[in-house]
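# Commentary on secondary and tertiary structure
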Protein chains: 4
Amino acid sequence: MSAGSNKFGSLFQWSTFGESHGPAMGVVIDGCPAGVEFDEALLVDRLAKRRPGGPGTTARVESDQPEILSGVFQGKTLGTPIAVMVRNQNAQSTDYDEIKAQPRIGHADDLWTKKFGEWDHRGGGRASARETVNWVIAGAVAEMFCLAAQANVRVQAVLTTVGGEPVKGTSDPQLLERLQKAKLEGESFGAVIEVRVKNPPPLIGEPVFLKAKSEFTKAFMMINACSGVELGGGFHLANQKGTEVHKSHESADYGGVRGGMTTGETLHFRLAFKPTSSILDVAKKGRHDPCVAVRAVPVAEAMAWAVLADLILVRRLNQL
Amino acid sequence: MSAGSNKFGSLFQWSTFGESHGPAMGVVIDGCPAGVEFDEALLVDRLAKRRPGGPGTTARVESDQPEILSGVFQGKTLGTPIAVMVRNQNAQSTDYDEIKAQPRIGHADDLWTKKFGEWDHRGGGRASARETVNWVIAGAVAEMFCLAAQANVRVQAVLTTVGGEPVKGTSDPQLLERLQKAKLEGESFGAVIEVRVKNPPPLIGEPVFLKAKSEFTKAFMMINACSGVELGGGFHLANQKGTEVHKSHESADYGGVRGGMTTGETLHFRLAFKPTSSILDVAKKGRHDPCVAVRAVPVAEAMAWAVLADLILVRRLNQL
Amino acid sequence: MSAGSNKFGSLFQWSTFGESHGPAMGVVIDGCPAGVEFDEALLVDRLAKRRPGGPGTTARVESDQPEILSGVFQGKTLGTPIAVMVRNQNAQSTDYDEIKAQPRIGHADDLWTKKFGEWDHRGGGRASARETVNWVIAGAVAEMFCLAAQANVRVQAVLTTVGGEPVKGTSDPQLLERLQKAKLEGESFGAVIEVRVKNPPPLIGEPVFLKAKSEFTKAFMMINACSGVELGGGFHLANQKGTEVHKSHESADYGGVRGGMTTGETLHFRLAFKPTSSILDVAKKGRHDPCVAVRAVPVAEAMAWAVLADLILVRRLNQL
Amino acid sequence: MSAGSNKFGSLFQWSTFGESHGPAMGVVIDGCPAGVEFDEALLVDRLAKRRPGGPGTTARVESDQPEILSGVFQGKTLGTPIAVMVRNQNAQSTDYDEIKAQPRIGHADDLWTKKFGEWDHRGGGRASARETVNWVIAGAVAEMFCLAAQANVRVQAVLTTVGGEPVKGTSDPQLLERLQKAKLEGESFGAVIEVRVKNPPPLIGEPVFLKAKSEFTKAFMMINACSGVELGGGFHLANQKGTEVHKSHESADYGGVRGGMTTGETLHFRLAFKPTSSILDVAKKGRHDPCVAVRAVPVAEAMAWAVLADLILVRRLNQL
């Protein structure tokens, strides 16, 4: 991997490390200004939301206790790099020995080995969804910064369909049942997540290569199994006429972005997730999620916070 | 705008400059290795494909004569920055005087002014689609490099639907008629473009934040009016089950990417474009495209080449 | 050359292009905020100070007329990239044909050719001191920004010794005579330049890898023929005891930096230049400077401005 | 601190974290290719050389046991980020309570607090020389990579004068005596370190802003208390004539660099260190080094390896 490929953000910049079955995962946030109140309870809560172990998720259990190694002193950020580490406790790498011999369909273990010559094949190594524990940590710190910059900003991601069927609310009992059944059967589902940012700071996002729309889209598309992203009306708009869509600034489903910038209106994205490729026999031994999108919900929120934090800082440099 | 917001790419890096109605547009490519044959005819051809003036496009006519200022000597790249400039000839800024007073619906002139305090309001300034002349130049040089690295790689973007109706081939007479009519009426259409990369170099794209899928998606989403991007089966996959999709590596519509990497199979993306917001009276005076996606076709190709070139260089650093 | 090797600065970032005997030199400044008054007279003045043609310098004459291609509108910066180009007019590349066959001692034409495979051998190509025209342009824009940020900051570079002999004031007649004689004889001299920054903004420079002292030093050391840089007491301090040096904050010759930061006191650096390597027969045909440090004076000033501008912007991100 | 200010290198890139009296120090190396043999004994040895506790150094004792958190598997680098952490064990922060009230002369605790609003005042926080434990770790990994790329390259830093008096060999008994005495008396000394790189890979370093000479100089100048850097003949050359210096490529003391590049000859730098500013009463309570340059020797070596590794990787991108 080359320089920068484990780094996210221009100014609110963070880099991550850790293999799924190595000693630890970690993130170093370099770019958070000094003086942000460090809300450790928020961090713990965000990690809890991501943690596997729920009925519809992988059997792997990790306590995900974050250890803050630097950058925070007496409850505030120092303006220095904030390093946070989480130990990998439940690394059953023997499960994966047979994977080495027989690559999992839809996974990329075989490709990584070709690419790097060396590869930690256990559980996907660096490419595992385990990595998103780092993203959630970075997102939590980004959230603290964003709230300090604009108190009423909120990010909300919601699972709206699973396998084509709509999800009812945040704890749909029928959904849980379907997922549990799928897990036993080695089945998996595609899904759609909607992400909304309410009260985003206006005028963030730059005109050319740092547009708000491309920054958010990129961040969501980095999530494993995400296979499409729409802003506002998205693909639906592609089938329409301008006179229908652009009746006024208000009516059009721009998704909260004009030019490359936020207008201050709610940002709205839809994310498509393909069905988990860990199916059938091999997958059942390696611990697997019948619908990765379930656990991608807090990850999508984290990435939205990370993009917001970054664009807020970039905005500081616009004017004299 | 802050550092980096006018820069594209990690290693095959290029930065652009120029306001729509300023003296010139230009791009500086810093990162193209020495020894690439510089195919000036290819560059001219790619610019011609993007150039406005066709029946379904804006009335603005620019000759777009590229001037190579540096980095090429005796027909080959020197390994030094390649600077290419195009003069803005047809800058009718008086057309835009009334825009200053009355911002165009769907455009962002009002927002840019708030954001920067200062803004060149003429024709969108830096945020204009005029900027894509730079992207096409960079894409052409990226193409030269990619072909030198892997001779059989090809990028092809095709307009597949306009306003929800399928396009027949590359010069559909009915389409031209519809667009001409729309132009007269101040109407505009959404559209879908499909981009395919045939024979992509395998194993390009990195596991975490430089995934092939997020790099291409980001690049396409930077195009003005692009409001959604899908990889392979995209949103369709979101409605499916794993056992349907993942029967084998071959059957699944992965879009040519596994993990974050190219497999060597054809890459396949779909891009949604919303209807141009330049409609009605104001728009007709400022020169306008009834379907921006028509001109986005060569731009999408250019961005695909740019991403390929970048990921090919990053790949060089994977192993000892 | 790889990405970034033609780029200077973290946030007040600029990149340069142009071969000594190619069509043009140019710089693109990406990171100057909007709203800075663009003082074109200042730019012209700074270029005039650098321009060759004086009695002690190379015979190459260039008018160095800067053409502003973007980023400035109605006398102010737009916050978009500021591109400035200067044509190469007096490119007598035939002078250099024999250089191709017989590399100049002390020059690196032979090495560049090995390194890149391809090289524009004419006059040093990209490695020529001609490149500093770009640095002076970037420095002039940086100066405009710095003055807007802190009105009383001043940068002054002075040639203090040439060939070991002290220089008397800014237009020492004996010096001119020595240089003219040296030029005829194909002789060259080493020299020392002192750079002072008066009223620097305090608290700029970061604690670890972006220290004020290392940023200035790096920038000066980039100048061709610069072979050493000292901060304040420099090598003299290396021979002393702490009880002699650190009597108080005032007495010690810290050079205006503590920790990695400016204190607000005058910054003080000394730069060593080795004698020009263009001596003897070959050199006389290629146009040559008997003392490159003479022309390095405005270049050192430009680089000091560039570092100041960059660190001022970085400072903006320190606190919430 | 803003993004990037805790990051070193373009391609062999590493970022560091940790406050002197916080829980841990650490470094994340992002850019080391896969397949490098990870020589843990070398790492331990390099840390041992830097560790305080010797007769002429601070009383602070740290075991500096490196913990490898990621990026290494079965004795080889994976091509993924290599994270290494060292716990801070001997953090006697009560020593520093009175420092908070009475800032140490020559230190910058007061300035950091102004700069960031918040600051971990204990022992210099992020600006402490404790940070160099990270640099030594990064340097050790860089060394492993460099040796894999070119087996016979060697870096050697030597303390040549202390307080103006020459040092005899690597364990001069008179020097130890002087330092021990100085420690008791609260005295400190300036010093000179010479760094040589033998058998450097030729043709590394780029022509404009990534010259070998400016990259090494910058890296050395980042070391606390370093107040000057010379390449080869340095300031001595400034007093000479070209005809004396440039008799041939061999005779001139270029320091192994021509253009911006290594020639393959031994690289030679001299580094000036000012006397430690921790003197007198306050300093004696905070643990102090009578001559920081003693411990800067392995740090200078580490930084030289880091620069070499980076430029070797950049060189890979020069040609097609």
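Residues numbered from 1 in each chain as written. Chains lettered and ligands numbered in written order. Predicted model: local features only at pLDDT ≥ 70, side-chain atom pairs only at ≥ 80, totals over all residues. Heavy atoms only, no water.

### Focus on the overall build of chain A
The helix and strand tally for chain A stands at 10 helices and 14 strands. Looking at the 320 residues of chain A, the share that counts as buried comes to 68%. Sequence-distant contacts, at least 24 apart, represent 74% of the contacts inside chain A between residues at least 6 apart. With an accessible surface of roughly 9800 Å², chain A has 49% of that area assigned to carbon and sulfur atoms. (Helix = DSSP H or I, 4+ residues; strand = E, 2+ residues; numbered from the N terminus. Buried < 20%, exposed > 50% of the residue type's maximum accessible area, 1.4 Å probe, protein only. Contact = heavy atoms within 4.5 Å. Areas by Shrake-Rupley, 256 points an atom, 1.4 Å probe, with all protein chains shown as cover.)

### Looking at helix α4 (residues 132-149) of chain C
Taking 1.5 Å as the rise per residue, α4 of chain C with 18 residues should run 26 Å; its terminal C-alpha atoms sit 25 Å apart, in good agreement. Most of α4 of chain C is tucked away, with 15 of its 18 residues classed as buried. (Expected span 1.5 Å × (residues − 1).)

### With respect to the confidence of the model for chain A
On average, chain A scores 88 in pLDDT, and the residues at 70 or more come to 85%. Overall, residues 282-286 of chain A carries pLDDT values under 50, and its contacts beyond four positions in sequence, including any with other chains, amount to 11 contacts. (pLDDT = per-residue confidence, 0-100.)

### What to know about the relation of the copies chain C and chain A
Once chain C has been moved 0.0 Å along the axis and rotated by 180°, it coincides with chain A to within an RMSD of 0.0 Å. Seen this way, the second copy is the image of the first under a two-fold rotation axis. Distance from the rotation axis, computed per C-alpha, reaches its smallest value in chain C at R316 of chain C: 3.9 Å. Mapped onto chain A, 100% of the interface residues of chain C are again interface residues, and the two copies thus contact each other with one and the same surface. (Least-squares fit on C-alpha atoms with pLDDT ≥ 70 in both.)

### Focus: the interface of chain C and chain D
On the side of chain D, 93 residues touch chain C, which itself brings 93 residues to the contact. In total, chain C and chain D occlude about 7300 Å² of area from one another, counting both sides; carbon and sulfur atoms represent 65% of this. Linking chain C with chain D are 4 salt bridges. Linking E206 of chain D and K115 of chain C is a salt bridge whose minimum nitrogen-to-oxygen distance equals 2.9 Å. Applying the counting criterion to the chain C and chain D interface returns 43 residue pairs in polar contact (both at pLDDT 80 or more). (Buried area = accessible area lost by both parts, 1.4 Å probe. Salt bridge = Lys/Arg side-chain N within 4 Å of Asp/Glu carboxyl O. Polar contact = N/O pair within 3.5 Å; in protein donor to acceptor, adjacent residues only side chain to side chain.)

### Some words on the sheet that holds strand β4 (residues 67-70) of chain D
Whether parallel or antiparallel, the strands of a sheet pair through hydrogen bonds between backbone atoms. Residues and elements named next belong to chain D. Strand order across the open sheet formed by 5 strands is β1-β2-β3-β7-β4, with antiparallel pairing between neighbours. For this open sheet the edge positions go to β1 (7-8) and β4, each flanked by a neighbour on one side alone. Looking at chain direction, strand β2 (residues 13-17) and strand β3 (residues 24-30) are connected through 5 bridges and run antiparallel. Its bridge partner being in β3, F17 is matched across the sheet by G26. (Pairing = 2+ DSSP bridges.)

### Considerations on the sheet that holds strand β2 (residues 13-17) of chain A
The 5 strands lie next to each other as β1-β2-β3-β7-β4 (chain A), forming an open sheet whose pairing is antiparallel. Edge positions in the sheet fall to β1 (7-8) and β4 (67-70) of chain A, since each of these pairs with one other strand and no more.

### Quick look at the relation of the copies chain C and chain D
Superposing chain C onto chain D takes a rotation of 180° plus a shift of 0.0 Å along the axis, which leaves an RMSD of 0.0 Å. Taken as a fraction of all interface residues of chain C, those also at the interface in chain D reach 100%, which identifies the copy contact as same-surface.

### Considerations on the environment of K168 of chain D
Secondary-structure assignment places K168 of chain D in the loop between β9 (165-166) and α5 (173-185). A polar side-chain atom of K168 of chain D sits 2.8 Å from a polar atom in the side chain of Q174 of chain D.

### A short note on the packing of aromatic side chains
By the definition in use, this model includes 38 aromatic pairs over all chains. The side chain of K115 of chain B reaches across the aromatic face of F116 of chain B, ending 5.7 Å from its centre. Residue placement shows R178 of chain D over the ring face of F189 of chain D; its charged tip is 4.7 Å from the ring centre. (Phe/Tyr/Trp six-rings, centres within 6.5 Å; stacked < 30°, edge-to-face > 60°. Lys NZ or Arg CZ within 6 Å of the ring centre and 35° of its normal.)

### Looking at the packing of helix α6 (residues 212-221) of chain C against helix α10 (residues 292-315) of chain C
Residue and element names in this part refer to chain C. Orientation of α6 relative to α10, taken along the N-to-C sense of each, is 145°, at an axis distance of 9 Å. In this structure, α6 crosses over α10, and the sense of that crossing is right-handed. Packed against α6, whose contacting residues are A212, E215, F216, A219 and F220, the element α10 presents A300, M303, A304, V307, L308 and L311 at the interface. Here the contact of α6 with α10 is built from residues that sort into 10 nonpolar, no polar and 1 charged. (Axes fitted to C-alpha atoms, helices over the stretch in contact; angles between N-to-C directions. Left-handed = near helix turned anticlockwise from the far one by under 90°. Nonpolar A, V, L, I, M, F, W, Y, C, P; charged D, E, K, R; others polar.)

### Side note on the pattern of salt bridges
Opposite charge on two side chains permits pairing when their charged atoms draw close. Counted under the stated rule, the structure contains 60 salt bridges over all chains. In this structure, R87 of chain D and E67 of chain A form a salt bridge, with 2.5 Å as the shortest nitrogen-oxygen distance. In this pair, R87 of chain D sits in strand β7 (residues 82-87) while E67 of chain A sits in strand β4, so the two residues belong to two different chains. The salt bridge partner of D64 of chain D is R130 of chain D, with a shortest N-O separation of 3.0 Å. On the criterion of sequence distance, the pair formed by D64 of chain D in the loop between α1 (40-50) and β4 and R130 of chain D in the loop between α3 (109-116) and α4 (132-149) is long-range, its members being 66 residues apart. In this structure, D64 of chain D and R130 of chain D share a single accessibility class: buried.

### Description of the packing of helix α4 (residues 132-149) of chain A against helix α10 (residues 292-315) of chain A
Residues and elements named next belong to chain A. The interhelical angle for the contact between α4 and α10, taken along N-to-C directions, is 45°, at an axis separation of 7 Å. By the angle between their directions, the pair α4 and α10 is classed as oblique. In this structure, the crossing between α4 and α10 has a hand that is left-handed. Across the interface between the two elements, T132, W135, V136, G139, A142, E143, F145, C146, L147 and A149 from α4 touch P298, V299, A302, M303, W305, A306, L308, A309, I312 and L313 from α10. (Parallel < 35°, antiparallel > 145°, perpendicular 65-115°, else oblique.)

### Some words on the environment of A34 of chain B
Examined against the element boundaries, A34 of chain B turns out to sit in the loop between β3 (24-30) and α1 (40-50). Residue A34 of chain B is classed as buried on the basis of its relative accessible area of 1%. For the pair A34 of chain B and T77 of chain B, spaced 43 residues apart in sequence, the C-alpha to C-alpha distance is 5.0 Å. Look past the residues within four positions of A34 of chain B in its chain and what remains in contact with it is T77, L78 and G79 of chain B, F116 and E118 of chain C together with N318, Q319 and L320 of chain D.

### Description of the interface of chain C and chain A
Listed per partner, the contact involves 13 residues of chain C and 13 residues of chain A. Note on chain C versus chain A: buried area summed over both sides is about 1100 Å², and carbon and sulfur give 66% of it. For the interface between chain C and chain A, the tally reads 0 salt bridges. Where chain C packs against chain A, one counts 7 residue pairs in polar contact (both at pLDDT 80 or more). For the side of chain C that touches chain A, the residue count by class is 9 nonpolar, 3 polar and 1 charged.

### Some words on the pairing of β3 of chain B
All names here are of chain B. Most of β3 is tucked away: 7 of the 7 residues are buried. In β3, alternate side chains face the same way, and those of A24, G26, V28 and D30 on one face and M25, V27 and I29 on the other are all buried. Note: β3 against strand β7 (residues 82-87), 6 bridges, orientation antiparallel. Considered in β7, the bridge of I29 is made with I82.

### A look at unusual backbone geometry
A negative phi angle is the norm for most residues apart from glycine, just as the trans form is the norm for most peptide bonds. One non-glycine residue, L203 of chain A, lies in the positive phi region at around 70°. As for its position among the elements, L203 of chain A is in the loop between β10 (191-198) and α6 (212-221). L203 of chain A sits in the buried class, given a relative accessible area of 8%. The backbone of A225 of chain D shows a phi angle near 75°, a positive value even though the residue is not glycine. Tracing the backbone through its elements, the reader meets A225 of chain D in the loop between α6 (212-221) and β11 (226-231). Using a relative accessible area of 16% as the deciding quantity, one classes A225 of chain D as buried.

### Examining the pairing of strand β10 (residues 191-198) of chain D
Side-chain direction in a regular strand flips from residue to residue, so the side chains alternate between the two faces of the sheet. Residue and element names in this part refer to chain D. Counting buried positions over the 8 residues of β10 gives 6, a clear majority of the element. Across 8 bridges, the pairing between strand β8 (residues 154-162) and β10 is antiparallel. Its bridge partner lying in β10, V162 is registered against A191. Relative to strand β14 (residues 267-273), β10 runs antiparallel, the two being bridged by 7 bridges. Note that in β14 the partner of V195 across the bridge is F269.

### Comments concerning the environment of K274 of chain D
Counting through the fold element by element, K274 of chain D comes out in the loop between β14 and α9 (280-285). A relative accessible area of 15% means that K274 of chain D is categorised as buried. In sequence terms K274 of chain D and A191 of chain D are 83 residues apart; their C-alpha atoms lie 6.7 Å from each other. Apart from the residues lying within four places of it in its own chain, the contact partners of K274 of chain D are L237 and Y254 of chain C together with F189, G190, A225, S227 and V292 of chain D.

### Looking at α1 of chain B
Residues and elements named next belong to chain B. Regarding α1, the residues found buried are L42, L43, L47 and R50. The arc enclosing the buried residues of α1, seen along the axis, measures out at 130°, which places them on a common side. Of the exposed residues in α1, those oriented more than 90 degrees away from the buried face are A41 and K49. (Arc of directions from axis to C-beta.)

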